[in-house]
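Notes for the structure review
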Amino acid sequence: MTRVVRFHEYGDANVLRIEDVDVPAPAADEVQVSVHAIGLNRAEVMFRTGRYLQEAVFPSQLGYEAAGVVKALGAEVTGFAENDAVSVIPTLDMARWPTYGEVINIPAKFVVKHPSNLSFEQAAASWMQYVTAWGALIAQAKLTADDFIIVSAASSSVGVAAIQIARSVGATVIATTRTEAKAQALRDAGAHHVIATEQGNLAERVRQITDGKGARVVFDPIGGPAIAQLAECMAFGGILLEYGALSTDEGAFPQFALLGKCLTFKGYLYIEVTSNDALLEQAKAFINDGLASAKLVPLISRTFKFDEIQEATRFLESNAQIGKIVVTLS
């Protein structure tokens, strides 16, 4: 029997339970991992509360990220050996291949031998954020050293990853946050400029920073009224990649900015990378190189023990942190 986290109904963190289950042998294309650390994501909160793209079938497991050592291999798996240190890239179905557990089975293409300079905690805090940011900034926006990029709601783990990836290619990063409370932490994380949106005029500040040109790339998880505000900050021919919907408010469509600047607005999900084998391999190579060279450094806000999963999730939902929440099992 193996201890895993399950929930039997939608609800707050109190519905999460640690239960004993039988974990089967890995399927032919799967790797079985003995988990040392788990990275927590807001997508898992949305899934647990019934607000995600996928519906739960109860009792349900959950989880997208983990790191540990290979315990067993499916019959068709090559390139791995028992006791290899590995981490997990988010799969296409967290209920089918959950990571909140002591032992998990994951399809081999979503398992990575991460660089040896990473701890298990860092490895578990890497792949959702860096794959998400890489797919938007590098694969789609083709970000370069000549670009200004706005990373909004930048204190999230994906926001910090976007700052690091943008800096790794030489782009100039403008991070936004609601107040000055997290501004210095964002500068410490690598942002060249930080704008507190509740304490200044966003478009005016961006014009000052960019010498009137605007930002060619915008990476935003908020949506709603923020889209019109961000459109005013963009350069001619710019692209806005929307990867979330944190705002529940409807926003006016910025048609004049769209037309006048020939802008592109693109909805984006990380599965555009993970469902494409060629893109996924490119992402693995870029991210592993960045992790090995320390151009990409996972920022961990706080760690919790496995038995503290409810407390860890509540802390994640409090939005008090910059960086990733990690749960340890060793």
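All residue numbers here refer to positions counted from 1 along the written sequence of the relevant chain. Predicted model: local features are reported for residues with pLDDT of at least 70 only, side-chain atom pairs are reported and counted for 80 or more only, and whole-chain, interface and lining totals are derived from all residues. By convention in this description, side-chain values take in all heavy atoms of the structure and omit both hydrogens and water.

Another point: the overall build of the protein chain. Counting its regular elements, the protein chain contains eleven helices and 16 strands. For this measure, only C-alpha atoms enter the radius of gyration; the expected value for a globule follows 2.2 Å times N^0.38, where N is the number of residues. For a compact globule of 330 residues, the expected C-alpha radius of gyration is about 20 Å, and the protein chain comes in at 20 Å, within 12% of that figure. Overall, the C-alpha framework of the protein chain stretches about 60 × 40 × 35 Å when taken along its three principal axes. Taking all contacts inside the protein chain whose residues are at least 6 apart in sequence as the whole, residues at least 24 apart take part in 68%. What sets the accessible areas is the Shrake-Rupley method with a 1.4 Å probe; for residues, cover comes only from the shown protein chains. Roughly 14,000 Å² of accessible area belongs to the protein chain as shown, and the carbon and sulfur atoms make up 50% of that amount. Secondary structure is summarised from DSSP: a helix means a run of H or I of at least four residues, a strand means a run of E of at least two, and numbering begins at the N terminus for each. Any pair of residues with heavy atoms lying within 4.5 Å of one another is described as a contacting pair.

Now for the packing of aromatic side chains. Side-chain rings of Phe, Tyr and Trp (the six-membered ring for Trp) are treated as a pair once their centres are within 6.5 Å; stacked means planes under 30 degrees apart, edge-to-face means over 60, and tilted covers the remaining angles. Applying the stated criterion across every chain yields a total of nine aromatic pairs. Look at F7 and F47: their rings are 5.7 Å apart centre to centre, the planes differ by 90°, and that puts the pair in the edge-to-face class. One end of the pair, F7, is in strand 1 (residues 2-7); the other, F47, is in helix 1 (residues 42-48), and 40 residues separate them in sequence. A relative accessible area of 0% places F7 in the buried class. By the ring-pair criterion, three or more aromatic residues cluster together here, those being F7, Y10, F47, Y52, F58, Y64 and Y270. The ring of F80 has K113 lying over it, and the distance from NZ or CZ to the ring centre is 5.9 Å. Whether a residue is buried, partly exposed or exposed follows from its accessible area with a 1.4 Å probe, protein chains only, as a fraction of its type maximum: under 20%, in between, or over 50%, in that order. Only when the NZ atom of a Lys or the CZ atom of an Arg is both within 6 Å of the ring centre and within 35 degrees of the ring normal do we say a charge sits over the ring.

Glancing now at empty space enclosed by the protein. Points on a 1 Å grid over protein atoms alone make up a cavity when a 1.4 Å probe fits among them but cannot get out, and a pocket when they form an open set with protein on both sides within 12 Å along at least five of seven lines; lining residues each have an atom within 4 Å of a point. Grid points are joined across faces, edges and corners, and a volume is the space filled by probe spheres set on the points. What the rule picks out here adds up to one cavity of 30 Å³ or more. The space that makes up the largest cavity amounts to roughly 30 Å³. Of all the secondary structure elements, the ones that give two or more residues to the lining of the largest cavity are helix 1 and helix 11 (309-317). In terms of residues, the lining of the largest cavity owes the most to one element, helix 1, which gives three residues. Amino acid classes used here: Ala, Val, Leu, Ile, Met, Phe, Trp, Tyr, Cys and Pro are nonpolar; Asp, Glu, Lys and Arg are charged; the rest, including Gly, are polar. A per-class count over the lining of the largest cavity returns five nonpolar, one polar and two charged.

Another aspect to go through is the nonpolar core. Judged by nonpolar contacts, the single largest core of 87 residues is most densely connected at L40, L137, I149, F219 and I287. No other element matches the ten residues that helix 3 (residues 127-140) contributes to this core. Not counting chain neighbours up to four residues away, the residues in contact with L137 comprise K142, L143, I149, A162, I165, A166 and F219. Among buried residues, the Ala, Val, Leu, Ile, Met, Phe, Trp, Tyr and Cys ones that are joined through side-chain atoms within 4.5 Å form a nonpolar core.

Moving on to a nonpolar patch on the surface. A patch is a set of surface residues, each over 30% in relative accessible area and not in a salt bridge, joined within 9 Å for like charges and within 5 Å for the nonpolar side chains Val, Leu, Ile, Met, Phe, Trp and Tyr. Put simply, a salt bridge is a Lys or Arg side-chain nitrogen that is within 4 Å of an Asp or Glu carboxyl oxygen. A surface patch of nonpolar side chains, amounting to about 380 Å² of accessible area, comprises L53, L92, L269 and I271. Counting through the fold element by element, L92 comes out in the loop between strand 6 (85-88) and strand 7 (103-107).

A pair of strands is considered paired only if DSSP assigns at least 2 bridges between the two. Strand order in the open sheet formed by three strands is 2-1-4, and the pairing between neighbours is antiparallel. With one partner strand each, in any of the chains shown, strand 2 (17-21) and strand 4 (60-61) form the two edges of the open sheet. Note: strand 1 against strand 4, two bridges, orientation antiparallel. The partner of F7 across the bridge, within strand 4, is S60.

Among the secondary structure elements, G212 is positioned in the loop between helix 6 (202-209) and strand 12 (215-220). Given a relative accessible area of 55%, G212 falls into the exposed group.

This next bit is on unusual backbone geometry. Residue P59 follows F58 across a cis peptide bond; omega there is -10°. Mapping P59 onto the fold places it in the loop between helix 1 and strand 4. Despite not being glycine, N83 shows a phi value in the positive range, around 75°. Positionally, N83 belongs in the loop between strand 5 (65-73) and strand 6.

Once that is clear, we can look at the packing of helix 3 against helix 4 (residues 157-168). Lines fitted to C-alpha atoms define the axes, with helix axes restricted to the stretch in contact, and inter-axis angles between N-to-C directions lie between 0 and 180 degrees. Their axes nearest at 8 Å, the elements helix 3 and helix 4 cross at an angle of 50°. Judged by the inter-axis angle, helix 3 sits oblique to helix 4. For the crossing formed where helix 3 meets helix 4, the hand is right-handed. Residues Q129, Y130, T132, A133, W134, L137 and I138 of helix 3 pack against S157, V158, A161, A162, Q164, I165 and A166 of helix 4. An angle below 35 degrees is read as roughly parallel, one above 145 as roughly antiparallel, one from 65 to 115 as roughly perpendicular, and any other as oblique. A clockwise turn of the near helix away from the far one marks a right-handed crossing, whereas an anticlockwise turn of less than a right angle marks a left-handed crossing.

Attention shifts here to the state of the cysteines. The definition used for a disulfide is geometric: two cysteine sulfur atoms within 2.5 Å. Taken as a whole and assessed by the stated rule, the structure comprises zero disulfides. We note that C233 lacks a disulfide partner, and the nearest cysteine sulfur, in C262, lies 18 Å from it. Given a relative accessible area of 45%, C262 falls into the partly exposed group.

A word on the pattern of salt bridges. In the structure shown here, the tally under the stated rule is twelve salt bridges. Between E102 and R3 there is a salt bridge; the shortest N-O distance is 3.2 Å. Residue E102 is located in the loop between strand 6 and strand 7, and its partner R3 is located in strand 1; the two are separated by 99 residues in the primary sequence. When salt bridges that share partners are traced, they join R3, E102 and D307 into one network.

Turning our attention to the pairing of strand 5. Looking down a regular strand, the side chains alternate between one sheet face and the other. Burial analysis of strand 5 places seven of its nine residues in the buried class, the great majority of the element. Inspection of the sheet shows strand 5 paired to strand 6 by three bridges, in the antiparallel sense. Among the inter-strand pairings, A67 is bridged to a residue of strand 6, identified as S87.

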